[in-house]
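Structural overview for review
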Amino acid sequence: MENNKIAVGLDIGTTKIVAMIGRKNEYDKIEVVGIGKAKSLGVKRGVVSNITQTIQSIQQAVDEAESVSGVKIDEVVVGIAGQHIRSLHHSDYITRNHSDEVIDDSDIEDLVNQVHKLVMLPGEEIIHVLPQEFKVDSQADIKEPIGMYGGRLEANFHVVVGQVSSIRNIGRCVKSSGLDLSDITLEPLASASAVLSLEEKEAGVALIDIGGGTTDLAIFKDGIIRHTAVIPFGGNVITDDIKEGCSIIEKQAELLKIKFGSAWPGENKETEIVSIPGLRGREPKEITLKNLSKIIHARVQEIIEHVYLEIKNYGHETAKGKLIAGIVLTGGGAQLKHLRQLVEYITGMDARIGFPNEHLAGDSDDALSSPSYATAVGLLMEGLDKNSKEEEIIEEAIEEILNPVEEKVEETPPVQEEKPKPKKKRSFFEKFTESLKDFLDNAE
């Protein structure tokens, strides 16, 4: 098994940490060769709260994935989320010195770099700059300006911002676990890659990823990411409500939610009762399923209303911003019974549950196509795409070296300083990962 064809996605969540190793088969589908799972002890609401416990959980998940696959993990693609993530919209432009030359990658890179100079609040850093539409001179609504002529290049950007300390803490945990950081990706974007189709992104869709500590939102329209948000509530808040409302311990509350929980109280009759074993020498507790679903319904409704407010803020109710494909629910919380019906009832939008099975090979384990693995599959896809891009760059470089140089030998032009070839354009995440690696190396 060639290790350069392998990629690893590491999903550091509030409830669980998942390490997923995979490669692409001959049909361009993902073949998962190993998966490791560990209970996440040092993460709260998507943010590292205990470095030591997080490192132990990462190592446990990685060790399990290595023993299942027989592959040694060196570098991983990590997802970031958490309540510190926020997004904003910004427009910027550059005036080109050579308007008689066509627009190329370097012009777009200059424009993106200009957005990176935006002044943020203290302790915040720009994580991602996502171009929306471009405008060349007076011509608007251009999706791809490369190859066009123009003096003024303008664009609307979706800018994702996060706390520097939170990002560095995740980097420190990964590095201390003996791993290299290959790439960093915003988790809602990773989940979107795993469960959304190109048609849905074109028509307009809102992806709601309900995790343990946070609910992530990513809105796409015309194939472009339009809005992202992280809501600091998730499945753990529902479990806490059950624990308080039924006066039981957390483990029992979680089991109750998974086995008997429903987001729609009308489904259960008053006579449906479940018995919970009492604590040492105490009588067992009897809980009606109707009361259980009322507790769940109240909290789920609050989460959906928060998300729907973000969808309305994006502009779903306008003719231009209408999300024709509706809502896609994913993440561990999406497995709650009757959640889809409640979402449709509150928002009036079509909804479906998003499974990451579309990109997985046909013989994959059924458990992998669970919505709770959507982010891990998306991160793995990101890693595999990065590998294939690197392979292309290497192949191009080899071709250049192997190309015959007869033409150059025939002519002997006057000796002059050779202009350096334009560097291959790197994504912001590649630059950001490099700067993060440098920071972590210097911090040791």
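Summarised in this report is the structure supplied together with it. Computed from a prediction, not measured in an experiment: that's the story for all the values here. (Residues numbered from 1 in each chain as written. Predicted model: local features only at pLDDT ≥ 70, side-chain atom pairs only at ≥ 80, totals over all residues. Heavy atoms only, no water.)

**Digging into helix α7 (residues 250–260)**
Those residues of α7 that fall on the buried side of the exposure criterion are Q252, A253, L256 and K257. Within α7, the buried residues cover an arc of 135° as seen down the axis, which keeps them to one side. Exposed positions of α7 whose direction lies more than 90 degrees from the buried face are K251, I258 and K259. Where α7 is buried, its residues meet α6 (235–246), β15 (273–276), β16 (285–288) and α8 (289–314). (Buried < 20%, exposed > 50% of the residue type's maximum accessible area, 1.4 Å probe, protein only. Helix = DSSP H or I, 4+ residues; strand = E, 2+ residues; numbered from the N terminus. Arc of directions from axis to C-beta. Contact = heavy atoms within 4.5 Å.)

**A short note on the sheet that holds strand β10 (residues 152–163)**
Each strand in a sheet pairs with its neighbour through backbone hydrogen bonds, running either in the same direction (parallel) or in the opposite one (antiparallel). Spatial ordering of the open sheet is given by β7-β10-β8-β9, a layout of four strands whose pairing is antiparallel. In the strand order of this sheet, the two ends are held by β7 (86–95) and β9 (139–142), each with one partner. Taken pair by pair, the neighbouring strands of this sheet meet at an average axis angle of 35°, ignoring direction. Sheet analysis places strand β8 (residues 124–136) next to β10, joined by 10 bridges and oriented antiparallel. Across the sheet, residue K135 finds its bridge partner in β10, namely E154. (Pairing = 2+ DSSP bridges. Axes fitted to C-alpha atoms, helices over the stretch in contact; angles between N-to-C directions.)

**Let's talk about α6**
A rise of 1.5 Å per residue sets the reference length of α6, with its 12 residues, at 16 Å; its end C-alpha atoms lie 17 Å apart and thus fit the reference within 8%. Those residues of α6 that fall on the buried side of the exposure criterion are G235, V237, I238, T239, I242 and C246. Elements in contact with the buried residues of α6: β12 (205–210), α7, β16 and α8. Looking at the residues trailing α6, positive phi occurs at S247, about 50°. (Expected span 1.5 Å × (residues − 1).)

**Remarks on the packing of α6 against α7**
Packing of α6 against α7 leaves a shortest axis separation of 8 Å and a crossing angle of 110°. Taken together, the axis directions place α6 and α7 in an arrangement best described as roughly perpendicular. Considering the relative orientation of α6 and α7, their crossing is right-handed. Taking contact as the criterion, the partners of G235, I238, T239, I242 and K243 in α6 are, on α7, E250, A253, E254, L256 and K257. Counted by class, the contact of α6 with α7 contains four nonpolar, two polar and four charged residues. (Parallel < 35°, antiparallel > 145°, perpendicular 65-115°, else oblique. Left-handed = near helix turned anticlockwise from the far one by under 90°. Nonpolar A, V, L, I, M, F, W, Y, C, P; charged D, E, K, R; others polar.)

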